[in-house]
Structure formats: structure tokens, C-alpha cells
Amino acid sequence: MTDASVTTAAAPSAASRANNLPLALLWMAGALASFSMIAIAGREAGRGAETMQIMFYRSLIGLPIIVAVALAAGVGTTTFTRRRLPLHLLRAVNHFVAQFSWLHALGLITLAELFAIEFTAPLWVALTAPLFLAEKLTLVRLAAGLLGFVGVLAIAQPGTASFGLGTALGLVASLGFAANMITTKMLTRTETTVCVLFHMTWMQLVISSVLIGFKPAVPDLTTSLWIGAIAILGLTAHYSLTQAFAHADAINVAPMDFLRLPLIIAVGAFIYGEALTFWVLVGAVIVVAANVINMFGERLWGQALR
């Protein structure tokens with residue numbers, strides 16, 4: 001999971017969005033394909049480079065791309081304001097920890113397990129948003145969060161032999177991505193998306209440079225191509241996701257994101273020969289159900305539970 005949503009065009013009107021559902025679904029298909037390929041690229045890159053080296057090169061490649069996007073969009077570098085640098089730094093650190101944990105976990109657990117755990121991030125946001133974003137914690141959101149926690153327990157099975165470093169890193173990644181979502185929401189109230197991405201990328205480049213002792217290892221050609229794919233696919237995935245929401249209502253587009261889970265299960269099975277265990281399947285179903293409740297429960301049962 002990467003964080004690089006870039007919007008360069010104004011969203012269509014409500015009337016035009018209703019007429020562009022096929023286009024929205026096409027963009028969503030592109031996002032799903034990109035997210036799946038990121039997992040493949042991350043796992044393959046991990047065969048030839050350490051995770052911290054991947055983080056360094058990902059930022060090194062991504063920084064000029066973001067600057068180029070800003071210039072191409074006609075906003076230039078003047079959009080890179082410095083008025084909220086402390087919050088930018090907090091977001092960059094949150095995302096760095098989450099991304100490092102996610103990439104490292106790719107080589108330790110199955111793709112199905114990692115993605116199922118990652119899907120709990122929106123639930124952690126729903127539970128903590130009242131503390132940081134002054135949003136209301138309703139009974140529906142609380143129920144969704146608790147159900148998602150049950151799903152995590154089913155997947156992780158703490159206290160058993162199946163709970164290892166990979167599962168722990170997956171949980172850290174999920175919590176980190178949740179913290180990243182909250183700080184992103186706080187920043188986008190005053191900053192542009194490109195500005196948020198710019199500060200995140202250069203800050204993560206500095207962090208990774210320090211952590212590798214300013215001695216980047218030169219990966220082989222194949223590994224370099226996989227790392228480049230990670231950087232580019234992160235942009236295409238979230239750009240496609242943004243475009244999908246720009247061309248249709250969220251209620252039509254959002255449910256398609258759940259297809260990431262069965263899609264990555266198929267990728268794991270056919271490309272890596274990964275078996276889907278019973279408890280990962282049960283936990284994944286519970287987590288998806290919790291997300292559905294979190295997204296639509298307020299509309300269906302919110303009034304009755306207030």
C-alpha cells in the first residue's frame with residue numbers, strides 16, 4: 001500500500017459523473033491492477049535488495065516525478081508551502097514506518113494475510129478520528145471497529161505458532177497507514193495533494209539516507225527495475241483511484257476496492273503457490289464485512305442506533 005494520490009484535473013459535475021460510471025469502473029480496475037502489481041514488485045525487489053534500500057530508491061525516483069507532475073499541472077513549485085512542516089514530518093514518519101513494515105512483511109507472510117490485515121486501517125481511522133479530527137464516534141463505527149478487531153485476531157492468532165514477525169509487521173503497517181490517513185486529512189484541509197506528496201517524499205528520502213548511513217547499495221538491473229516499478233505503480237494506483245472517485249459517486253466506486261482481497265489471493269495462489277488457510281479466509285471475510293458496515297451502516301442503521 002502506497003500513498004501517492006495525485007489529482008491534476010477538476011472533478012466532473014454531478015451530472016456528468018452519473019454518465020461516466022463505466023469510465024469510473026475502468027479507472028478502478030486500473031487501481032486494482034496497480035495495487036496487485038505493487039505487491040509483486042515489492043516481493044521481487046526484496047529478493048535483491050534490503051527493505052531500507054528499497055525505501056531509499058523509491059523516494060529518490062518518486063521525488064522528480066512529483067515535481068514533474070506539479071509542473072505539468074501548471075501549479076509549479078510554489079504549491080510546496082512550508083507552513084505546516086511539523087505535521088508533514090509526522091505524516092512522513094508514520095508512512096515511512098508503515099511502508100517499511102509492509103514491504104518487509106511481503107517476504108514473510110502470504111499476500112492474502114498481509115492484505116487482509118492492511119484492510120483494517122480504515123477501521124482504526126474510524127475509531128481514532130474523534131480524537132484527532134473531531135468526528136463523531138457512533139455505535140455503528142464502534143461496532144465496525146470491534147468486528148474488524150475480531151477479524152485481525154482470527155488472522156493473526158496471537159499466542160500460536162502462526163503469529164510471527166511478518167504478522168506483527170502487517171499489524172504495524174495497518175496502524176501506520178491509519179495514522180497516515182488521519183494526518184493526510186488534517187493536512188489536506190489547507191495543503192494541496194502535490195504539496196503533501198512532495199514533503200513526504202523528500203523527508204522520507206532524508207530519513208532513509210540517514211538509516212543506510214548515506215551508503216546506498218547499487219542493486220542489479222532486475223532489482224532496479226522492480227524498485228522503479230514500485231515507485232511508478234504507487235503513483236498510478238492512487239491516481240487511478242482518485243480518477244475513479246472523480247467520475248462516479250463513492251457509493252458506486254468504493255465497494256470495488258474490496259476486490260483487492262480476492263484478487264491478491266489469486267495472485268498469491270497462481271504466481272507464488274500460496275495456500276489460503278481457513279483462519280485467514282475467515283478473518284478476511286470478517287474484516288471486509290466490518291468495512292462494509294463502516295461505509296454503509298451509518299446510512300442503513302445510523303438513525304436507529306443513535
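Residues numbered from 1 in each chain as written. Predicted model: local features only at pLDDT ≥ 70, side-chain atom pairs only at ≥ 80, totals over all residues. Heavy atoms only, no water.

Our next topic: the overall build of the chain. Helix and strand counts for the chain stand at 13 helices and zero strands. Each helix and strand of the chain, placed in order from N terminus to C terminus, yields the pattern α-α-α-α-α-α-α-α-α-α-α-α-α. Within the chain, the proportion of its 306 residues that are buried is 49%. Of the contacts formed within the chain by residues at least 6 apart in sequence, a portion of 90% connects residues at least 24 apart. Of the roughly 14000 Å² that the chain leaves accessible, carbon and sulfur atoms contribute 71%. (Helix = DSSP H or I, 4+ residues; strand = E, 2+ residues; numbered from the N terminus. Buried < 20%, exposed > 50% of the residue type's maximum accessible area, 1.4 Å probe, protein only. Contact = heavy atoms within 4.5 Å. Areas by Shrake-Rupley, 256 points an atom, 1.4 Å probe, with all protein chains shown as cover.)

What follows covers unusual backbone geometry. Phi at phenylalanine 214 takes a positive value of approximately 55°, unusual for a residue other than glycine. If you trace the backbone, phenylalanine 214 turns up in the loop between α9 (193–211) and α10 (221–247). For phenylalanine 214, a relative accessible area of 61% gives the class exposed.

Before going further, it helps to spend a moment on the packing of helix α6 (residues 121–132) against helix α7 (residues 139–156). It is at 9 Å that the axes of α6 and α7 come closest, and there the two elements cross at 140°. Accordingly, the angle class assigned to the pair α6 and α7 is oblique. The way α6 lies across α7 gives a crossing that is left-handed. Contact with α6, carried on its side by Leu123, Trp124, Ala126 and Leu127, involves Arg141, Leu142, Ala144, Gly145, Gly148, Phe149 and Val152 of α7 and no other residues of that element. Grouping the amino acids of the contact of α6 with α7 by side-chain chemistry returns eight nonpolar, two polar and one charged. (Axes fitted to C-alpha atoms, helices over the stretch in contact; angles between N-to-C directions. Parallel < 35°, antiparallel > 145°, perpendicular 65-115°, else oblique. Left-handed = near helix turned anticlockwise from the far one by under 90°. Nonpolar A, V, L, I, M, F, W, Y, C, P; charged D, E, K, R; others polar.)

What follows covers the packing of aromatic side chains. Two descriptors summarise a pair of aromatic rings, namely the distance from one centre to the other and the angle between the planes of the rings. Within this structure, the stated rule accounts for four aromatic pairs. Residue placement shows arginine 43 over the ring face of tyrosine 272; its charged tip is 4.6 Å from the ring centre. Residue placement shows arginine 260 over the ring face of phenylalanine 35; its charged tip is 4.5 Å from the ring centre. (Phe/Tyr/Trp six-rings, centres within 6.5 Å; stacked < 30°, edge-to-face > 60°. Lys NZ or Arg CZ within 6 Å of the ring centre and 35° of its normal.)

This part is about the packing of helix α4 (residues 85–105) against helix α8 (residues 165–187). Closest axis-to-axis distance for the α4/α8 pair is 7 Å, and the angle between their directions is 155°. One way to sum up the angle between α4 and α8 is to call them roughly antiparallel. As for how α4 packs across α8, the hand of that crossing is left-handed. When its residues are assigned to classes, the contact of α4 with α8 shows 13 nonpolar, twelve polar and one charged.

Our next topic: the nonpolar core. Generally speaking, a soluble globular protein has its nonpolar side chains buried in company with each other. Core analysis: the largest hydrophobic core is formed by 70 residues, its most contacted members being Ala39, Ile54, Trp102, Leu106 and Ile264. Considering each element in turn, this core owes the most residues, ten residues, to helix α2 (residues 21–45). (Core = buried A, V, L, I, M, F, W, Y, C linked by side-chain atoms within 4.5 Å.)

The next thing to look at is the environment of glutamate 274. Tracing the sequence through the fold places glutamate 274 in the loop between α12 (260–272) and α13 (278–305). Considered as a pair, glutamate 274 and threonine 110 are 164 residues apart in the sequence and their alpha carbons are 6.5 Å apart. Ignoring sequence-local partners within four residues, the contact set of glutamate 274 consists of Arg43, Ile109, Thr110, Leu111, Ala112, Gly268 and Ala269. A polar side-chain atom of glutamate 274 sits 2.9 Å from the main-chain amide nitrogen of leucine 111. (Polar contact = N/O pair within 3.5 Å; in protein donor to acceptor, adjacent residues only side chain to side chain.)

Right, let's get into the pattern of salt bridges. Counting across every chain of the model gives four salt bridges. Ionic pairing is found between glutamate 44 and arginine 47, a salt bridge with its closest N-O pair at 3.1 Å. Measuring nitrogen to oxygen at the nearest pair gives 2.7 Å for the salt bridge that ties glutamate 191 to arginine 83. Placement of the pair is glutamate 191 in the loop between α8 and α9 and arginine 83 in the loop between α3 (51–72) and α4, with a sequence separation of 108 residues. The class for arginine 83 is exposed, based on a relative accessible area of 58%. (Salt bridge = Lys/Arg side-chain N within 4 Å of Asp/Glu carboxyl O.)

Now for a nonpolar patch on the surface. On the surface, a cluster of nonpolar side chains totalling about 280 Å² of accessible area is made up of Leu89, Val93, Val97 and Val172. Tallying contributions element by element places α4 first for the nonpolar patch, with three residues. Relative to the helices and strands, valine 172 resides in helix α8. (Patch = residues over 30% accessible without salt bridge, like charges linked within 9 Å, V, L, I, M, F, W, Y side chains within 5 Å.)

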